[in-house]
Structures are given as C-alpha cells and as structure tokens.
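Now for the letters of each chain:
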Amino acid sequence: MFDQLEIIENRYEQLTELLSDPDVVSDPEKLRTYSKEQSDIHDTVEVFRVYKEHLETIEESKEMLKETDDQEMIDMLKEEIAEAESMLPKLEDDLKILIIPKDPNDEKNVIMEIRGAAGGDEAQIFAGDLFRMYSRYAEDQGWRTEIVESQSSDQGGFKEISFLIQGKGAFSKLKFENGAHRVQRVPETESGGRIHTSTATVAVLPEVEDVEVNIRNEDIKIDTYRSSGAGGQHVNTTDSAVRITHLPSGTVVTSQDEKSQIKNRERAMKVLKARVYDMMQQEAHAEYAEKRKSAVGTGDRSERIRTYNYPQNRVTDHRIGLTIQKLDQIIDGSLDELIEALAIEEQTSKLEELNNETI
C-alpha cells in the first residue's frame, strides 16, 4: 500500500509542475484533465503526508531519547511518541479507504428510467411514486430534474418515464437504485382490501461525454413528429417531438416534453449516449461480474433489490439485509439512510477485495 501511496504522491507533485507549464495553461483540455486528476488524489496525498510526519516525529523523538538524561525531556519525548503512535492506526484506515479505486462515473449527472412492470395499473402508479421519491430527494440535494420522455397511465403514475438529474455526485448516490423495486399494499382500486404485490424497474445511467462514446451520424436515424398527450390529443401543432434510432444496436430514444425540437433532440441524444455507453459497460464487465458480484448486487434491472411494505410502514433492501420502519419518510424522498448504508457496504466490500489482493 505504501509503495502505491509514494507513486500517488510523486504523481501529485508532477501534476503541480504540469499545471504551471505555459503549454498546459494555454490548453483548456489538458488544464481541465490535469486539474481534475490532481483534485481526485489531493485528499489521499494530504493524509499520506500527515502520516509520514507522524512517523518522522516518532523516529526523531526516539533518536533524541538516546541522547538525553534529562528526565523532563525524556517524559516529553515519550509523550510525543505515544501521541504520534496513537494516530497511526486511524490514518492507516483512512489511507486504505482513500486508495480504493473510485468509480469514474461517480461525479456525473444521472439519467434515470422507471417503468411499471408486474402488476398492471398498480405497477404504473408505483412507478409514479418512485419518480416523485427521486425528484424530492434530488430537490433536497440541490439538484435539478428534467423530464426527457414520459408515458402517463390512465390510473395515474407512468407506464414509463425517463428523466435527467443534474448535480455534483448524483451518480455516486443514485447508482444503488438500479434494479427491480417491489411494493406491497392495498391498491386504491381494490374494493376487497387485499394486499397486492407489484414491481417497477429502475435504470440508472451516467450521463456521458462525447469523448467516452462515439456515435457517428451515419449510425443514427432521426424522425420528428407531433407531440401528443394522454388519449392522443395533440399538445403541439409543430413536429417538435424527436425519435432517434441507433442503427447498430437498435436502441430507440424519444423526447417530446419540450416544445422546441432542438431541445428534445439534445435530451434524446443524452439518453441515447447513456444507453449505448451502458451497453458497452455491461459487455465489458460481464465476465468480471460473473466471477465476482459486488456486495450490493449485480445492478441488473431484473434483480429485485428492495421491497416497500405499506401495511407495516417498512422498507427492506435485500442486498444488504437492511430493514427500516420509515416507509412514509423514504417514499417522500428521505433516502439518505438507505444510500449511506449501501455506500458503506460497497466501500467495505472493495476494501476486503483490496486486502485479499495484498495478502
């Protein structure tokens, strides 16, 4: 671990020199890349330097102990050594966590797609509940939510809805929501008072930049048509809605919530890039995921990750065996307790993997 930390510190110093190089300063792309890289390892380097300072204090104090007979000085040096040694275990734990490889997508915006699955009208109503839950959570975080495309259901809720959440670190928190969500409750439409079980699927995709996925103009087909609301009623008299088809993969994205065709096209392209990037990531990690599944699941949308039990006001996350008796608060957007528990479990799992590789 310490050899790795020395390499990180050397790279940090190299980046400091590069960021003062006139050739880099005059190149916005290089400046942005190097600044981000340095920012990503700044905390690790700072903690490592504090750790080394404590080691130096211990070593110097022990050398001074050999050279003095003054009892007051001896007591003071022993106290310094004890204090510095007491700090080392905590700093070592911090460093282990800091060198865990970070998900490169963590700081990105998020594209979420929610679909009613098993359960008919109740599943679609639940999809609407999930959308409101994530919207309120995003609002509490100071993030912005934009609907890309939605298909409302007759009973309320959505058959499916795609939306963009913009905010620093959005993906790092919402990536754990990827999967099938199950609800158990008495539907408003149920006269007999029986509890029904329904599901909705949630897809969480990082918004990607052009440099991360190359979509050629000749690989896409763009159609425009008139936006329509519930019941097929035209809400727009111009061809503002956009449908983009990615020919190599067959992926189709539509956007019609904006009155502007240009804005709908921009939003549809964001979703298309995210879906194509997700397909590439899934293929690249398929073999790895088969051999070593993470503690919080595979991320497969078919995997049931959570149950919302209304009669008992209970939410259970099946990946980590966590049950919280606060469904009313969680469905209203208070997701912090769940997300923090999942993040800690992921971090613990990665730390265990790192330790096993080191042994």
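For clarity, every value in this text was computed on a predicted model and none was experimentally measured.

A tally of regular secondary structure across the protein chain gives 9 helices and 11 strands. Expressed as a percentage of its 359 residues, the buried residues of the protein chain come to 40%. The long-range fraction of contacts in the protein chain, counting pairs at least 24 apart against all pairs at least 6 apart in sequence, stands at 61%. With an accessible surface of roughly 20200 Å², the protein chain has 47% of that area assigned to carbon and sulfur atoms.

Positionally, E177 belongs in the loop between α6 (170-174) and β4 (179-185). Polar contacts involving the side chain of E177 include one to the side chain of Y134, which spans 2.8 Å.

If you trace the 8 strands from one edge of the open sheet to the other, you get β2-β3-β1-β5-β4-β9-β10-β11, paired in mixed fashion. With partners counted over all chains shown, the strands left at the sheet margins are β2 (144-152) and β11 (322-324), one partner each. Across the sheet, the mean angle separating the axes of adjacent strands is 15° when strand polarity is ignored. Judged from the 8 bridges that link them, β2 and strand β3 (residues 158-166) form a sheet pairing that is antiparallel. Paired with E146 across the two strands is L164, which belongs to β3.

Let us now look at the packing of aromatic side chains. Counted under the stated rule, the structure contains 4 aromatic pairs. Summarising the aromatic geometry, the rings of F131 and F163 are spaced 4.9 Å apart at their centres and angled 75° between planes, so their arrangement reads as edge-to-face. Remark: F163 occurs in strand β3 and F131 occurs in helix α5 (residues 121-141); sequence separation between them is 32 residues. The burial state of F131 is the same as that of F163; both residues are buried. An aromatic cluster is built from F131, F158 and F163, whose rings are joined through pairwise contacts. Positioned above the aromatic ring of Y310, the side-chain terminus of R185 is 4.7 Å from the ring centre.

Moving on: the sheet that holds strand β7 (residues 241-246). Taken together, the 3 strands give an open sheet; going across it, the order is β6-β7-β8, and neighbouring strands pair in antiparallel fashion. Two strands bound the open sheet, and with one partner strand each, they are β6 (220-225) and β8 (251-255). Each adjacent strand pair in this sheet contributes to an overall mean axis angle of 15°, direction not counted. For β7 and β8, the ladder comprises 5 bridges, and the chain directions are antiparallel.

Moving on, we get to the environment of A84. Structurally, the position occupied by A84 is in helix α4 (residues 71-98). What makes A84 buried here is its relative accessible area of 2%. For the pair formed by A84 and E56, sequence separation is 28 residues and the distance between their alpha carbons is 9.4 Å. Contact partners of A84, with chain neighbours within four places excluded, come to H54, T57 and I58.

A word on helix α3 (residues 28-66). Helix length check: α3 (39 residues) gives 55 Å between terminal C-alpha atoms against 57 Å at 1.5 Å per residue, within 8%. The sharpest bend along α3 measures roughly 45° and falls at I41. For α3, the set of buried residues is Y34, Q38, I41, T44, V45, V47, F48, Y51, H54, I58 and S61. In this structure, the buried residues of α3 make contact with α1 (2-18), α2 (22-25) and α4. The backbone nitrogen of E29 has a side-chain oxygen 3.1 Å away, supplied by the residue at the start of α3, namely D27.

Once that is clear, we can look at a negative patch on the surface. Together, D69, D70, E72, D75, E79, E80 and E83 give the surface a local cluster of negative charge. Under the relative-accessibility criterion, E72 is labelled exposed at 66%.

The next point concerns the pairing of strand β10 (residues 314-317). By the bridge criterion, 4 bridges tie strand β9 (residues 304-309) to β10 in an arrangement that is antiparallel. When the bridges of β10 are listed, T307 appears paired with T316. Where β9 folds back on β10, the antiparallel hairpin that results is connected by 4 residues, among which N313 adopts a positive phi of roughly 50°. As judged from the 3 bridges shared by β10 and β11, these two strands associate in the antiparallel manner. Across the sheet, the residue bridging to D317 is L322, located in β11. Connecting the antiparallel pair β10 and β11 is a turn made up of 4 residues, with G321 showing a positive phi of about 65°.

The next thing to look at is the pattern of salt bridges. Tallied over the entire structure, the rule returns 28 salt bridges. Between D40 and K36 there is a salt bridge, and its shortest N-O distance comes to 3.0 Å. Of this pair, D40 and K36 both sit in helix α3, 4 residues apart, which is roughly one turn of that helix. On the basis of relative accessible area, D40 is assigned to the partly exposed category, the value being 40%. Across the salt bridge formed by K62 and E85, the nearest N and O atoms sit 3.9 Å from each other. Separated by 23 residues along the polypeptide, K62 in helix α3 and E85 in helix α4 bring together distant segments of the chain. By relative accessible area, E85 is classed as partly exposed at 37%.

Cut-offs and rules
- Residues numbered from 1 in each chain as written.
- Predicted model: local features only at pLDDT ≥ 70, side-chain atom pairs only at ≥ 80, totals over all residues.
- Heavy atoms only, no water.
- Helix = DSSP H or I, 4+ residues; strand = E, 2+ residues; numbered from the N terminus.
- Buried < 20%, exposed > 50% of the residue type's maximum accessible area, 1.4 Å probe, protein only.
- Contact = heavy atoms within 4.5 Å.
- Areas by Shrake-Rupley, 256 points an atom, 1.4 Å probe, with all protein chains shown as cover.
- Polar contact = N/O pair within 3.5 Å; in protein donor to acceptor, adjacent residues only side chain to side chain.
- Pairing = 2+ DSSP bridges.
- Axes fitted to C-alpha atoms, helices over the stretch in contact; angles between N-to-C directions.
- Phe/Tyr/Trp six-rings, centres within 6.5 Å; stacked < 30°, edge-to-face > 60°.
- Lys NZ or Arg CZ within 6 Å of the ring centre and 35° of its normal.
- Expected span 1.5 Å × (residues − 1).
- Bend = angle between axes of the 7 residues up to and from the residue.
- Patch = residues over 30% accessible without salt bridge, like charges linked within 9 Å, V, L, I, M, F, W, Y side chains within 5 Å.
- Salt bridge = Lys/Arg side-chain N within 4 Å of Asp/Glu carboxyl O.
- Lys, Arg positive; Asp, Glu negative; His and termini not counted.
- Charge placed at Lys NZ, Arg CZ, Asp CG, Glu CD.

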